[in-house]
Amino acid sequence: MLVSSEFSKERNRVFRWLILGCLLIMLMVMIGGITRLTQSGLSMVKWEPIMGALPPFSEQEWNEAFELYQASPEFKFYNSDFELTDFKKIFFWEYLHRLLARLLGLVFIIPCVFFWVKGYLDVKLKRRVLIIFVLGISQAIIGWFMVKSGLVDEPHVSHYRLATHLITALLLMIYIFWTALSLKYETTERNHPAARILKWFIVLVFLQLIYGAYVAGLKAGFYYNTFPKMGDQWVPSGTGIIFKKEGGIALMENPVLVQFIHRWLAFLILLFLGVFWFKRSLNLLDYQKRALQVLTFLLVFQILIGVLTLLYRVPVSLGVLHQFGGMMVLLTAFYFLYTLGKRSVI
């Protein structure tokens, strides 16, 4: 069973620090979603990790920032009618997104130095903290690599880079969350028969999240805003022609097929989760059943929000809620996996 390990004040402080990091990453992903949905992501055309922490203050500074944006492909192709007031609106969300990234760095580094000096971190935890630091730096670099793809010739961020940026953020969140769990709890079971099934479930969830990023990057959510059929058909019209012209790569680059895969992969995941409910030989304990119940509720809720997001043509509120739901499903799945008995005590 899952039991509490000795939980000293020192460990409790490190635990809360790690959970705060998880929450900030979730908030950052959600603001990133708002940035995407409001078409704000290419408003800041320079990456200044230090000086960029301060926004423009004077009218001259705003005009200089606007002039840089006016030289970008996005302004030339789509927003040539923008005035300074319009620019300020989209600048806000991208600036907030980058500011939160800097805040996350400070929230990680400052307490980390304190805990390290005070001796709260043992050798294993120090190693994990260093991995978190490397993942965080890599995530920042990948973020700029993504934005840069839309600043060269065409104002389109590569959906592959967008997916990479999202998945690396989620991997960082999960690694921090798993480390936090191992601080507070230890498990006394090993090799639970449900663990292997759950790992495949998590693989499917990650695949679905990747396709969610593809949908966002390709603006596939604006095609076929009907459900359950796509228009009048279950399979989008012209699918055969699409494959003939584009080949297998259409499964990742054609917005209609990407939306088709994303919508039905959700129900495949739901069916896969049913294995835990109907396979009695798994012998889940009460606390494991509770984790399964929460996971099932969140997954059904996530699917319903996804359908509404599609039907209402991706409003910002539903789009961000859908993104939040995806993260909650992922975190709950990993918590469920932890309860199944991976022994990992720091």
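None of these values were measured; they are calculated from a predicted model.

Here's the deal with the overall build of the protein
1) Next: In terms of helices and strands, the protein carries 12 helices and two strands.
2) Next: Along the protein, from the amino end to the carboxyl end, the secondary structure elements read β-α-α-α-α-α-α-β-α-α-α-α-α-α.
3) Next: Taken over C-alpha atoms, the radius of gyration comes to 22 Å for the protein, in line with the 20 Å a tight globule of 346 residues would show.
4) Next: For the C-alpha atoms alone, the extent of the protein along its principal axes is close to 65 × 60 × 30 Å.
5) Next: Buried residues in the protein amount to 48% of all 346 residues.
6) Next: Considering only contacts within the protein whose residues lie at least 6 apart along the sequence, 81% involve residues at least 24 apart.

Some thoughts on the nonpolar core
1) Next: Among the nonpolar cores identified, the biggest contains 75 residues, and Val14, Leu170, Met173, Phe201, Phe276, Leu330 and Phe336 are the most heavily contacted of them.
2) Next: At the level of secondary structure, the elements contributing two or more residues to this core comprise helix H1 (9–37), helix H4 (84–118), helix H5 (123–148), helix H6 (159–184), helix H7 (193–218), helix H10 (255–278), helix H11 (286–311) and helix H12 (316–339).
3) Next: Not counting chain neighbours up to four residues away, the residues in contact with Phe336 comprise Leu198, Phe276, Leu284, Gln288, Ala291, Leu292 and Leu295.
4) Next: Trp62, Phe75, Phe82 and Ile90 belong to the second largest nonpolar core, which has 12 residues in total.

Observations concerning H10
1) Next: Between its first and last C-alpha, H10 extends 36 Å over 24 residues, near the 34 Å set by a 1.5 Å rise per residue.
2) Next: Among the residues of H10, the N-terminal cap falls to Asn254, whose side-chain oxygen and the backbone nitrogen of Val256 are separated by 3.0 Å.

Comments concerning H5
1) Next: For H5, built from 26 residues, the straight-helix expectation of 38 Å at 1.5 Å per residue is met to within 8% by its first-to-last C-alpha distance of 38 Å.
2) Next: Within H5, burial applies to Leu125, Arg128, Val129, Ile132, Gln139, Ile142, Gly143, Trp144, Met146 and Val147.
3) Next: Buried positions along H5 lie against H1, H4 and H6.
4) Next: Near the N-terminus of H5, the side chain that reaches the backbone nitrogen of Lys124, with its oxygen 3.3 Å away, is that of Asp122.

Quick look at the packing of H6 against H12
Two packed helices can be described by the angle between their axes and the distance between those axes.
1) Next: For the pair H6 and H12, the least separation of the axes is 11 Å and the interaxial angle reads 40°. Comparing their axes, H12 and H6 come out oblique. Taken as a pair, H6 and H12 cross one another with a handedness that is right-handed. Contact residues: Leu166, Leu170, Met173, Ile174, Phe177, Trp178, Leu181 and Ser182 in H6; Gln323, Met327, Leu330, Leu331, Phe334, Tyr335, Leu337 and Tyr338 in H12.
2) Next: Looking at the contact of H6 with H12, its residues break down into 14 nonpolar, two polar and no charged.

What counts and what doesn't
Residues numbered from 1 in each chain as written. Predicted model: local features only at pLDDT ≥ 70, side-chain atom pairs only at ≥ 80, totals over all residues. Heavy atoms only, no water. Helix = DSSP H or I, 4+ residues; strand = E, 2+ residues; numbered from the N terminus. Rg over C-alpha atoms; globule rule 2.2 N^0.38 Å. Buried < 20%, exposed > 50% of the residue type's maximum accessible area, 1.4 Å probe, protein only. Contact = heavy atoms within 4.5 Å. Core = buried A, V, L, I, M, F, W, Y, C linked by side-chain atoms within 4.5 Å. Expected span 1.5 Å × (residues − 1). Polar contact = N/O pair within 3.5 Å; in protein donor to acceptor, adjacent residues only side chain to side chain. Axes fitted to C-alpha atoms, helices over the stretch in contact; angles between N-to-C directions. Parallel < 35°, antiparallel > 145°, perpendicular 65-115°, else oblique. Left-handed = near helix turned anticlockwise from the far one by under 90°. Nonpolar A, V, L, I, M, F, W, Y, C, P; charged D, E, K, R; others polar.

Keep in mind these values describe shape, not function.
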